[in-house]
Amino acid sequence: MTDVVTILGAGCTGPLLAALLARRGLQVRIYERRADARRVPPAAGRSINLALAARGLAGLERAGLMAQVRPLLVPMRGRIVHDFGGGARFLPYGQRPHELLWSVPRAGLNKVLTDAAAAHGVEFHFEHLARGADFAAGTIDVENLRSGRRLRVPMTPVFGADGAASALREAMVRSGRATAREELLDHRYKELTVPAGPNGSHLLELGALHIWPRGGYMLIALPNADGTFTATLFLAAEGGPVSFATLTTAAAVRELFARDFADVLPLVPDLAAQFAANPVGRMSTIYAAPWQVGAQALLIGDAAHAIVPFHGQGMNCAFEDCRALDDLIGAGLGWSDCFARFDALRREDTAAIARMAIENYVEMRDTVRDPRFALQKQLSLELERRQPDRFIPRYSMVMFHEEIAYAEAERRGAVQSVLLDEATRGRTELGDIDLRALEAAVIERLPPVTTPVVRA
Ligand SMILES: Cc1cc2nc3c(=O)[nH]c(=O)nc-3n(C[C@H](O)[C@H](O)[C@H](O)COP(=O)(O)OP(=O)(O)OC[C@H]3O[C@@H](n4cnc5c(N)ncnc54)[C@H](O)[C@@H]3O)c2cc1C
């Protein structure tokens, strides 16, 4: 292995990967098109906070960063589901004390990651845009956006951590070294800030992720430590009775909130102004193959496999990528073998979380309103209490069990879903269900969990 590596992108993945590589004695430089986010506040309306779960925590722990990250975190123990009439129900995410999600501000997390990488000697080049790659010459074309000067950076190797619209991926495709497809969701999102109350108090209940599922669309809100909530409206781009295309006036926005999110409306006095100012974001799934070019280049994180945000797993998955790659490098493989093994190792799992993320949109905006959904959640937790090694709710496997690979969670989840469907058909209460027979079916159809997440 050479001892100088280049990373494109200093979002979530780039700086964590840089810190891990630098800890292994490699010299690392990062080119990032934006200005240094530690000095320039991030643009409004671009996923201000994120849900951090077990896989993300494991990546941060690997880099020894939890002491710096912990003060940024706000716990979320479950979902508070708001109905039309203003009523609300709490649905816990898990049942053990550590089974919770953490809301983390993207900018704060990015600062911790960037500072940590810099402390390990990583060189940051902000306002440097990767424009393309010449694989025959083995160089990346990078533009210094301040001076306009072009650099030819050797691929020794280069990691594409440059997000869903990756320039490295694009160059791989253009040169015939990879294929890629973007599946754009026909829904979009817009972020809005629910301000803090008096003395930095939270105006919605703290300690949960709030959802207003409205069938076909939804509003969610995640808490921030400063008393604010970041709310996100997910809605069709166009078509149907309500879509972003129909919300073109302040009156239309107010009318939608008055009808569907009446309890939120009074909390956001500048709703119309925020709605007009904040951008509408797109969401897509990226399917690319392969992720590597010999020993020259590797795509990682969203650049390799961006997913829609409904399982709160894009960053968590990217941090798991970093951990898997770190294991492979630690095993002493050359870059080419290391990259090929990474592709083989992560492909099935990232495809599984991409599918589960899409499914979860339907669950969040529609299914969560169904009383049978609540019964199935209750039953899942009961079965987990009885058979903790065999029956773990799929949501818990994804969010809290980093030792269970995504693909394994998806496979086990499919079996569990059949059991839950059969058991709750025509039932309204846990007391109506023959739990002993169901437990016997669990033992018969689900072997104990054994799969380790990183199978390097
Ligand atoms: C609305 C929304 C909510 C989300 N919520 C969650 C959540 O709750 N939990 C979760 O785990 N995930 C969530 N995600 C997903 C998460 O944001 C991504 O998976 C994560 O940011 C991926 O990190 P990354 O570093 O691979 O890409 P990014 O974070 O996109 O970083 C890429 C970086 O590369 C830079 N860059 C791009 N092109 C170039 C170039 N040509 N040259 C140089 N630099 C370049 C960019 O400026 C950026 O800094 C959410 C996403 C969205 C859209």
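Cut-offs and rules
- Residues numbered from 1 in each chain as written.
- Predicted model: local features only at pLDDT ≥ 70, side-chain atom pairs only at ≥ 80, totals over all residues.
- Heavy atoms only, no water.
- Phe/Tyr/Trp six-rings, centres within 6.5 Å; stacked < 30°, edge-to-face > 60°.
- Helix = DSSP H or I, 4+ residues; strand = E, 2+ residues; numbered from the N terminus.
- Buried < 20%, exposed > 50% of the residue type's maximum accessible area, 1.4 Å probe, protein only.
- Pairing = 2+ DSSP bridges.
- Axes fitted to C-alpha atoms, helices over the stretch in contact; angles between N-to-C directions.
- Contact = heavy atoms within 4.5 Å.
- Polar contact = N/O pair within 3.5 Å; in protein donor to acceptor, adjacent residues only side chain to side chain.
- Salt bridge = Lys/Arg side-chain N within 4 Å of Asp/Glu carboxyl O.
- Expected span 1.5 Å × (residues − 1).
- Near = heavy atom within 4 Å.
- Areas by Shrake-Rupley, 256 points an atom, 1.4 Å probe, with all protein chains shown as cover.

A. The packing of aromatic side chains, seen in detail. Within the structure shown, the criterion is met by twelve aromatic pairs. Judged by centre distance (3.8 Å) and plane angle (10 degrees), the ring pair of F310 and Y361 falls under stacked. Taken together, the residues F310 in the loop between α8 (302–305) and α9 (314–330) and Y361 in helix α10 (residues 335–365) connect sequence positions 51 residues apart. Judged on exposure class, the residue F310 and its partner Y361 are both buried. Measuring from ring centre to ring centre gives 5.5 Å for W335 and F339, while their planes differ by 40 degrees; the resulting arrangement is tilted. Here W335 pairs with F339, and both are found in helix α10, just four residues apart, close to one helical turn.

B. Up close: the sheet that holds strand β4 (residues 74–76). Taken in spatial order, the three strands line up as β3-β7-β4 in an open sheet, and their pairing is antiparallel. Taken across any chain shown, the strands that pair with only one partner, and hence form the sheet edges, are β3 (49–52) and β4. Averaged over all neighbouring strand pairs, the angle between strand axes comes to 35 degrees, with direction disregarded. Across the sheet, helix α4 (residues 106–119) touches β3 and β7 (101–105), and the angle it forms with β7 is around 80 degrees.

C. Up close: the sheet that holds strand β11 (residues 150–154). With respect to topology, three strands assemble into an open sheet ordered β9-β10-β11, the strand pairing being antiparallel. Only two strands of the sheet have a single partner each, and these edge strands are β9 (128–134) and β11. Strand-to-strand, the axes of this sheet are offset by a mean angle of 30 degrees, without reference to chain direction.

D. Seen up close, the environment of R24. Note on placement: R24 falls in the loop between α1 (13–23) and β2 (27–31). As a C-alpha pair, R24 and V368 span 344 residues in sequence and 45 Å in three-dimensional space. Setting aside anything within four residues of it in sequence, one finds R24 in contact with D326, I329 and G330. For R24, the side chain forms a polar contact with the side chain of D326, separated by 2.7 Å.

E. Quick peek at the pattern of salt bridges. In this structure the tally under the stated criterion is 34 salt bridges. We note a salt bridge from D36 to R38, for which the minimum N-O separation is 2.8 Å. Linking D115 and R38 is a salt bridge whose minimum nitrogen-to-oxygen distance equals 2.7 Å. Highlighted residues: D115 in helix α4 and R38 in the loop between β2 and β3, separated in sequence by 77 residues. Here D115 falls in the partly exposed class, since its relative accessible area comes to 30%. By relative accessible area, R38 is classed as partly exposed at 29%. Through salt bridges with shared partners, one network takes in D36, R38, R39, K111 and D115.

F. Up close: the pairing of strand β15 (residues 218–223). Among the six residues in β15, six count as buried, and that is most of the element. Taking every second residue as pointing to the same face, both faces of β15 are buried, with M218, I220 and L222 on one and L219, A221 and P223 on the other. Two elements, strand β14 (residues 209–213) and β15, share four bridges in a ladder whose sense is antiparallel. Residue pairing for β15: H210 is matched across the bridge by A221. Of the strand pairs in this sheet, β15 and strand β16 (residues 229–236) are connected by six bridges, and their pairing is antiparallel. Each bridged residue has a counterpart across the sheet, and for M218 the counterpart in β16 is F234. Joining the antiparallel neighbours β15 and β16 is a turn of five residues, in which G227 adopts a positive phi near 95 degrees.

G. Molecular detail of α9. Look at α9: 24 Å from first C-alpha to last across 17 residues, which is about the 24 Å you get at 1.5 Å a residue. The element α9 is largely enclosed, with a buried count of 14 among its 17 residues. In the segment just after α9, G332 is the residue with positive phi, at about 80 degrees.

H. Here's a closer look at the site of the ligand. As a structural note, the neighbourhood of the ligand is formed by 29 residues, with T13, E32, R34, A51 and R106 the closest of them. The contact in question runs from an oxygen atom of the ligand to an N or O atom on the side chain of T13, over 2.8 Å. M315 places a polar main-chain atom, nitrogen or oxygen, 2.9 Å from an oxygen atom of the ligand. In the complex, the protein chains occlude 88% of the 990 Å² of accessible area that the ligand would expose alone.

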